[in-house]
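# Descriptive structure summary
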Amino acid sequence: MKIAVLPGDGIGPEVVREALKVLEVVEKKTGKTFEKVFGHIGGDAIDKFGEPLPEETKKICLEADAIFLGSVGGPKWDDLPPEKRPEIGGLLALRKMLNLYANIRPIKVYRSLVHVSPLKEKVIGSGVDLVTVRELSYGVYYGQPRGLDEEKGFDTMIYDRKTVERIARTAFEIAKNRRKKVTSVDKANVLYSSMLWRKVVNEVAREYPDVELTHMYVDNAAMQLILKPSQFDVILTTNMFGDILSDESAALPGSLGLLPSASFGDKNLYEPAGGSAPDIAGKNIANPIAQILSLAMMLEHSFGMVEEARKIERAVELVIEEGYRTRDIAEDPEKAVSTSQMGDLICKKLEEIW
Ligand SMILES: NC(=O)C1=CN([C@@H]2O[C@H](COP(=O)(O)OP(=O)(O)OC[C@H]3O[C@@H](n4cnc5c(N)ncnc54)[C@H](O)[C@@H]3O)[C@@H](O)[C@H]2O)C=CC1
Ligand SMILES: CC(C)CC(=O)C(=O)O
Ligand SMILES: [Mg+2]
């Protein structure tokens, strides 16, 4: 069992370190060992190799059974030409290389965090448990032609039938095992690519008569997520809309530091939904939970370790229930625990409940 570990930039190395501590507990308890091969991506790789996705990193990823990533980017590299930047030349290039077509971002609001949410208790307390299924390898982040000069910048949003069918099936399959509701989010009143999206999603829906499908325009969906988040079960959407709406969904429990993700393709990749958080990097205050829950998703989806994944989720929930908080979710920042303390607390709890 080989894992490519790419900590990346900003808070990436800090939160990956905590997740690997949790993996150590799993190894100790199960007697299974994972080979971890570390690689460089993003700004970290630019500084070391002069490019955001070096050949060595590609090789490490292709030889691994799963990829575990922190995050990339930061102000230091923002002025590089587009294709050399950590985000486009690093992360997006890696996603394309691995054909990562589906990005799964589940979010739950823990009961003990209801009051941390910026929303009123009567809105958030009614039960929020949703998953964004985001198309990850096409759409406006990849469409050609695209270009930039002093006078003009342009991108192209393209979706073809095959791509929409594939991600729609992923969403319906996930919904089958949940509350059986898919909300497909598009902008089919304006965008041609969304018109095709909606048509194809309707066709795929016929294969899943037990799953209820509704369509929603993205502007309304952004509002409904805040107004009545409990109406959503599975949100099926495009690359850019999913990027935006999933960050918004992280605001429901109160922090991006709680939102994990799994991306499925030729190889699976696991990373928190948030970025490198340069505003808090290097201070040992970032929330490691998104990275730790991404680890749980990796154990479940890449290594079939479902029980172990549930145990990690339970340990996280119990530590939160006991009142421990990193600064992003703390009512009183003075009482917040650090990144490494939160990692230790989760490890200790995991050992206790194993
Ligand atoms: N997957 C990736 O590697 C991503 C990379 N980025 C890159 O990250 C850099 C910063 O981008 P931003 O727009 O600021 O997005 P961001 O997601 O890094 O941060 C947004 C806000 O959420 C907070 N936050 C994020 N993760 C947190 C955590 N674990 N604990 C506590 N607070 C957390 C940050 O402190 C910040 O206030 C940019 O270079 C951007 O391109 C952005 C999104 C995803
Ligand atoms: C480089 C970005 C597209 C990453 C991002 O914001 C995301 O995947 O959520
Ligand atoms: Mg994003």
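Nothing here was measured: the structure is a model prediction, and the numbers come from that model.

A tally of helices and strands in the chain yields 12 helices and 12 strands. Against the 2.2 N^0.38 benchmark of 20 Å for 354 residues, the chain shows a C-alpha radius of gyration of 20 Å, consistent with a compact globule. Principal-axis analysis of the C-alpha atoms places the extent of the chain at approximately 50 × 50 × 40 Å. Within the chain, the proportion of its 354 residues that are buried is 50%. Taking as baseline every contact in the chain between residues at least 6 positions apart, the subset at least 24 positions apart corresponds to 75%.

Here we take up the nonpolar core. Counting 103 residues, the largest nonpolar core has V22, F68, I292 and L295 as the members making the most contacts within it. Broken down by element, this core gets its largest block of residues, 9 residues, from helix α10 (residues 289–303). Looking at which domains feed residues into this core, each of domain 1 (1–100 + 255–353) and domain 2 (118–252) gives three or more. The contacts of I292, once residues within four sequence positions are left out, are E18, A19, V22, I312, V316 and I346.

The 10 strands lie next to each other as β2-β1-β3-β12-β11-β4-β5-β10-β8-β9, forming an open sheet whose pairing is mixed. The open sheet has two edge strands, β2 (35–38) and β9 (212–217), and neither has a second partner. For this sheet, the mean inter-axis angle between neighbouring strands, taken without regard to orientation, is 25°. Two strands pair when backbone bridges link them, and strand β3 (residues 66–71) and strand β12 (residues 268–270) are joined in this way by 3 bridges, in the parallel orientation.

Time to look at the site of ligand 2. Close contacts around ligand 2 come from E87, L91, L92, Y141, D243 and A273, and that covers them all. For the shell around ligand 2, the element with the most residues is helix α4 (residues 86–97), which contributes 3 residues.

The next point concerns unusual backbone geometry. Among all residues save glycine, negative phi is the norm, and among peptide bonds the norm is trans. Here the amide bond leading from Q144 into P145 is cis, since omega sits at 0°, within 30 degrees of zero. Within the element layout of this structure, P145 appears in strand β6 (residues 143–148). Although it is not a glycine, K180 sits at a positive phi angle of roughly 65°. Checked against the element boundaries, K180 lands in the loop between α6 (161–176) and β8 (181–186). On the basis of neighbour count, K180 is assigned to the partly exposed category, with 15 C-beta atoms found within 10 Å.

Turning our eyes to something else, we now look at the site of ligand 1. Near ligand 1 you find 23 residues, and of these S71, G73, G257, G274 and G275 are the closest. Broken down by class, the residue content of the shell around ligand 1 amounts to 10 nonpolar, 9 polar and 4 charged.

Mapped onto the fold, P54 is located in the loop between α2 (43–49) and α3 (55–63). C-beta crowding within 10 Å serves as the criterion here: with 18 such atoms nearby, P54 is assigned to the partly exposed category. For the pair P54 and V211, spaced 157 residues apart in sequence, the C-alpha separation works out to 43 Å.

With numbering matched to this structure, UniProt assigns "binding site: Mg(2+)" (unreviewed entry) to D219, D243 and D247. In this structure, D219 sits in helix α8 (residues 218–227). Among the structural elements, D243 can be located in helix α9 (residues 239–250).

Let us now look at the domain arrangement of the chain. Splitting the chain by domain gives domain 1 (1–100 + 255–353) and domain 2 (118–252). Taking only C-alpha atoms into account, the centre of domain 1 sits 24 Å from that of domain 2. At the interface, 12 residues of domain 1 touch 8 residues of domain 2. The element that contributes the greatest number of residues to the side of domain 1 that touches domain 2 is α4, accounting for 3 residues. For the side of domain 1 that touches domain 2, the residue count by class is 7 nonpolar, 3 polar and 2 charged.

Before going further, it helps to examine the environment of T57. Structurally, T57 is set in helix α3. A C-alpha to C-alpha distance of 8.6 Å links T57 and A4, two positions 53 residues apart in sequence. Apart from residues no more than four positions distant in its own chain, T57 is found in contact with L6, G39, H40, I41 and A45.

Between its first and last C-alpha atoms helix α11 (residues 306–321) spans 22 Å; for 16 residues at 1.5 Å apiece the expected length is 22 Å, and the two agree. Within the span of α11, buried status applies to E308, A309, K311, I312, A315, V316, V319 and I320. On its buried face, α11 sits against α1 (12–30), α10 and α12 (339–353). In the segment just after α11, G323 is the residue with positive phi, at about 100°.

Conventions adopted
- Residues numbered from 1 in each chain as written.
- Chains lettered and ligands numbered in written order.
- Predicted model: local features only at pLDDT ≥ 70, side-chain atom pairs only at ≥ 80, totals over all residues.
- Helix = DSSP H or I, 4+ residues; strand = E, 2+ residues; numbered from the N terminus.
- Rg over C-alpha atoms; globule rule 2.2 N^0.38 Å.
- Buried ≥ 20, exposed ≤ 12 C-beta atoms within 10 Å, placed from the backbone.
- Contact = placed C-beta atoms within 7 Å.
- Core = buried A, V, L, I, M, F, W, Y, C linked by C-beta atoms within 7 Å.
- Domains from an automatic or database assignment.
- Pairing = 2+ DSSP bridges.
- Axes fitted to C-alpha atoms, helices over the stretch in contact; angles between N-to-C directions.
- Near = placed C-beta within 6 Å.
- Nonpolar A, V, L, I, M, F, W, Y, C, P; charged D, E, K, R; others polar.
- UniProt positions renumbered as here; feature names shortened; annotations may be inferred.
- Expected span 1.5 Å × (residues − 1).

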